[in-house]
Number of protein chains: 4
Amino acid sequence: MQGWSDQPTYGWRKRLYTIIFEADTTAGRRFDEILLVAICASVLVVVLGSVPAIQARASTLLWLLEWLFTLAFTVEYIARLACVRHPWRYALSLYGLVDLASILPTYLAILVPELYYLIDVRLLRLMRVFRILRLSAYVSEASVLREALYHARRKIFVFLIFVCIVVVIIGTLMTIIEGPAHGFTSIPVGIYWAIVTLSTTGYGDLVPRTPLGQAITACVILLGYGVIAIPTGIMGAEISASMRRRPVTTRTCTHCMTEGHDLDARFCKHCGQALSPHQFDEPAIRSR
Amino acid sequence: MQGWSDQPTYGWRKRLYTIIFEADTTAGRRFDEILLVAICASVLVVVLGSVPAIQARASTLLWLLEWLFTLAFTVEYIARLACVRHPWRYALSLYGLVDLASILPTYLAILVPELYYLIDVRLLRLMRVFRILRLSAYVSEASVLREALYHARRKIFVFLIFVCIVVVIIGTLMTIIEGPAHGFTSIPVGIYWAIVTLSTTGYGDLVPRTPLGQAITACVILLGYGVIAIPTGIMGAEISASMRRRPVTTRTCTHCMTEGHDLDARFCKHCGQALSPHQFDEPAIRSR
Amino acid sequence: MQGWSDQPTYGWRKRLYTIIFEADTTAGRRFDEILLVAICASVLVVVLGSVPAIQARASTLLWLLEWLFTLAFTVEYIARLACVRHPWRYALSLYGLVDLASILPTYLAILVPELYYLIDVRLLRLMRVFRILRLSAYVSEASVLREALYHARRKIFVFLIFVCIVVVIIGTLMTIIEGPAHGFTSIPVGIYWAIVTLSTTGYGDLVPRTPLGQAITACVILLGYGVIAIPTGIMGAEISASMRRRPVTTRTCTHCMTEGHDLDARFCKHCGQALSPHQFDEPAIRSR
Amino acid sequence: MQGWSDQPTYGWRKRLYTIIFEADTTAGRRFDEILLVAICASVLVVVLGSVPAIQARASTLLWLLEWLFTLAFTVEYIARLACVRHPWRYALSLYGLVDLASILPTYLAILVPELYYLIDVRLLRLMRVFRILRLSAYVSEASVLREALYHARRKIFVFLIFVCIVVVIIGTLMTIIEGPAHGFTSIPVGIYWAIVTLSTTGYGDLVPRTPLGQAITACVILLGYGVIAIPTGIMGAEISASMRRRPVTTRTCTHCMTEGHDLDARFCKHCGQALSPHQFDEPAIRSR
């Protein structure tokens, strides 16, 4: 949370802030672990509560647990508001909104019961916990994936625009050919069919029944074969590049200043000078 | 549009040409942006108009909007014809034909209502707008994908021929084994089933019901596992290669000012001068 | 066909051999082109003949065409037998057996009509034509794919054995859980379901209906996610390796004897000497 | 089995141990081959025995075979217990438990017939046989795959957590939108649907029927396109990296006789002696 400068400078607010927002102390780390378990447990309560058989048997218990978790999260939310320097800034930040959204549904469900299930939005709070716990190895792996996604974003965007154009044209074509009699009641339905088909999901709720429709479907799938492979190819290439970008070692030859020498190398492969063996420790391996 | 030499040299035609065909001036850029929005909006009108519920309520509005867009595109088409030097050359070019095809269906639909939906062909006009707007970062990413597809074209062609042979033989085999009783009424239907199965789409409208048919299906899928992976492998390898082909470094020769020299190069490959080894530091590696 | 040494040394047999088996002369090349078209056309006749509607209308025409093709292929088969030095060696070779298998079904269908559709086996003859025509660019691409498959064969074999074990155990488990009431009538059916599911084909003819079955299916798919990706990863890595293995250029520096210099390089990047510009022609690019 | 030190030192127990646990002698190798065939055959007996038609005809034969295999495996299990130094250590090891689990079901099925099919667990014993037979080429390929999976484990774990969060939220959303009328009877069912959809399996037993549900499904699939590609990208990149990590060259230092030096290395990285530049020719690149 560096750069936020939202940390109070003294007193109980500072202690509370250290526990709730940070994970460097034992208490702070324990708090985050309990939070992680509580979020998962409260979502599980909602998920189980939606099963008619379980609801019939344990409705009171589930109702109690649900309110227990909601009250706990409410107290936590108020504590967060209380200990930050600029409560409004926190309340309007992404994390503040997610925190609020994770307690509101229970209260609103008293008025509008349909909102009850939205409690699952709580799962989004896991993002914070993961970020705070700084499970360092996993964070580094996640950052490789994020970096790959970041570098691939434009390629995937270009690909999605291309897919959208193709999908609208094929969906329209199939709606004309198959018609309402075979379930293609409108172009949006045709587009839905085209997306389900091109992604190879293929539910089978809508299928071409005319010979012409089947022929076009077969051609679309065959020609689309190479195209479907593009996002996978993009991600594969980007993850490969992300992994390669990080030098496997930072061992540097003190003589010719080249780096990236293998871990088992004892002499520089460029100038033949001896490499320092003391660089051979674990932290020398930066990435994977 | 370099090399076309279709640009008039003076007067209102030159001004119109600059606005309609080019995107270097403010007016030209604005025109293209409006065109992009108009194309998307007009396709949306057609798509929404195909939904019975919306058609029932807003048919007059949709009808009006549709004719408005069509008239606007017609005026634009005539303007394009008017301002180019060789109208026929434009009219018969790919873009000219797409432009014509995007206004014709509305007029023809007066006589043949079925043609109405073909208005969606308008989406193809987006290609031109993208090309003119030269969203440079995206164009460069798209060119990586296009290059990868170009290099992969023969491998994918070989793969498709192989798939076609396999699909015809398996489709024939399953038609013999399952027969019309289980929906395999003819070999083309069997081929359609084989394509839907091998691409892992698996609609479920046609499924093997005899034990022998199920055994063959299981074998085909299992053996086809590695084969299905080929196009993805091809695209991944080609995109990787495309990305690698572009200069990764900004090592610049101080003598001839060319860049993109390999990291292990000691002499400029263009002019033979020694490269500065001090450029060999981290920031020299451009990310991509 | 080097190394076969089956070529007759003189007379009409040598002339016939040159036309039928080779593609170096104009006549030989034309013969192979006609053969390619004839094979495709004859398979098309069989495929179309299986459609009841077409069969009803054009049965005589299709019957005539079918016999025409069969007689032509029979004459060709006899000609092949006549012009090779060792007829039995040809007849028992893979290509000889395929050639025989492509004419037999028509004759046998007089006795056993079911065999009629096996005429599609003719498609396998395309392999020979492709090989003889030596469409060199495509053959080289195909060899990259073949090489990748060859290098990947053991990895794919290990993967398939692993998949087989998993599929038998999951299939057994689901047969016990779901039982005959939900269509899982026996373990082979359960294995068929497991293969269809793990390959993400998902026909939907057999689906888990019990909560436990659905939970296991969800876990299997989730955990199988990474596993499903393995063959694609294997093929991608192998195709990448196949492409990298071929040096992009064979440009060699005559001074320090290093090779693999870029096509646009004019000086050796290792010793700074000028590279010979005469190596800059097409054949210098070996692979892609 | 180095490091186990469970090998008896003399007498018949040592001879038995050599045959049963090792594969270095002819007898030991033959024993493992027979075991491999027996395991596959006994699983085949169970699988075939579950087919009603086969069960009806050959129930006695299958029953006999099944007891024959079980008794043989029981004798083998007792022999294993008898010849190791520390029977309990073996009995409680992973392999010991698998060995026990592969004979128990037949005996227990006398009391609880449902357990009968669990005999398929025997397939897990194949792991041991493969390990002992040391089919070296395959073991090395398997180790590339295992290494890739090992390096990818954290990336795949991060990916699975991400997928789990997405799947719970989408499943909840669709349960609210579609409701029990369209089969989404509870959130777990919705999550099951989300997993089946995102993995592109798409059974079709549960499909969105409301326009809003179909629109969300289409968006989820479209946006999920790039995401679905991630595990494949991970595996591809890791397998590529695994393959690259192994020495690709046979460049040998003539001084310290180590091999696997980089192609651009000029000095041995192990002893600092200059590498011979004449080894820099084509055959120096081992294929892999």
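About the criteria used
- Residues numbered from 1 in each chain as written.
- Chains lettered and ligands numbered in written order.
- Predicted model: local features only at pLDDT ≥ 70, side-chain atom pairs only at ≥ 80, totals over all residues.
- Heavy atoms only, no water.
- Domains from an automatic or database assignment.
- Phe/Tyr/Trp six-rings, centres within 6.5 Å; stacked < 30°, edge-to-face > 60°.
- Helix = DSSP H or I, 4+ residues; strand = E, 2+ residues; numbered from the N terminus.
- Buried < 20%, exposed > 50% of the residue type's maximum accessible area, 1.4 Å probe, protein only.
- Lys NZ or Arg CZ within 6 Å of the ring centre and 35° of its normal.
- Salt bridge = Lys/Arg side-chain N within 4 Å of Asp/Glu carboxyl O.
- UniProt positions renumbered as here; feature names shortened; annotations may be inferred.
- Expected span 1.5 Å × (residues − 1).
- Contact = heavy atoms within 4.5 Å.

### Brief notes about the domain arrangement of chain A
As assigned here, chain A comprises domain 1 (4-134) and domain 2 (151-243). Here domain 1 of chain A and domain 2 of chain A have C-alpha centroids that lie 40 Å from each other.

### Thoughts on the packing of aromatic side chains
This model, assessed by the stated rule, comprises 18 aromatic pairs over all chains. Taking 5.6 Å as the distance between ring centres and 70 degrees as the angle between the ring planes, the aromatic pair formed by C:W67 and C:Y107 counts as edge-to-face. Taken together, the residues span a long stretch of sequence, with C:W67 in helix α3 (residues 52-83) and C:Y107 in helix α6 (residues 104-108) at a distance of 40 residues. Accessibility expressed as a relative area gives 30% for C:Y107, which makes it partly exposed. Between C:F69 and C:F73, the ring centres sit 6.4 Å apart and the planes meet at 25 degrees, which makes this aromatic pair stacked. Here C:F69 and its partner C:F73 are both found in helix α3, four residues apart, which amounts to about one turn of the helix. Within the aromatic cluster, the residues linked to one another by ring pairs are B:W63, B:W67 and B:Y107. Lying across the ring of B:Y150, B:R153 places its NZ or CZ 4.0 Å from the centre.

### Regarding the pattern of salt bridges
Inspection of every chain in the model, using the stated rule, returns eight salt bridges over all chains. With a shortest N-O distance of 2.6 Å, C:R80 and C:E76 are connected by a salt bridge. With C:R80 and C:E76 both in helix α3 and four residues apart, this pair spans about one turn of that helix. With relative accessibility at 0%, the residue C:R80 sits in the buried group. Taken together, the salt bridges that share partners define one network made up of A:E76, A:R80 and A:D99.

### Concerning the UniProt feature "transmembrane region" (unreviewed entry) in chain A
All names here are of chain A. As recorded in UniProt, the sites labelled "transmembrane region" (unreviewed entry) are residues 34-54, 61-82, 94-119, 156-177 and 215-237. Helix makes up 100% of residues 61-82 and strand 0%, and the two end C-alpha atoms of the span are 31 Å apart. The straight-line gap between the two end C-alpha atoms of residues 156-177 is 31 Å; of that span, 100% is helix and 0% is strand.

### With respect to helix α2 (residues 26-49) of chain C
Counted at 1.5 Å a residue, the expected span for α2(C) with its 24 residues is 34 Å, and the 34 Å between its end C-alpha atoms agrees. Listed in full, the buried residues belonging to α2(C) are C:G28, C:D32, C:L35, C:A38, C:I39, C:S42, C:V43, C:V45, C:V46, C:V47 and C:G49.

### Regarding the environment of C:V220
Residues and elements named next belong to chain C. Its place among the elements puts V220 in helix α10 (residues 211-245). Residue V220 is classed as buried on the basis of its relative accessible area of 16%. The sequence separation of V220 and T197 amounts to 23 residues, and the corresponding C-alpha distance is 9.1 Å. When sequence neighbours within four positions are dropped, the list of residues in contact with V220 reads I170 and L198.

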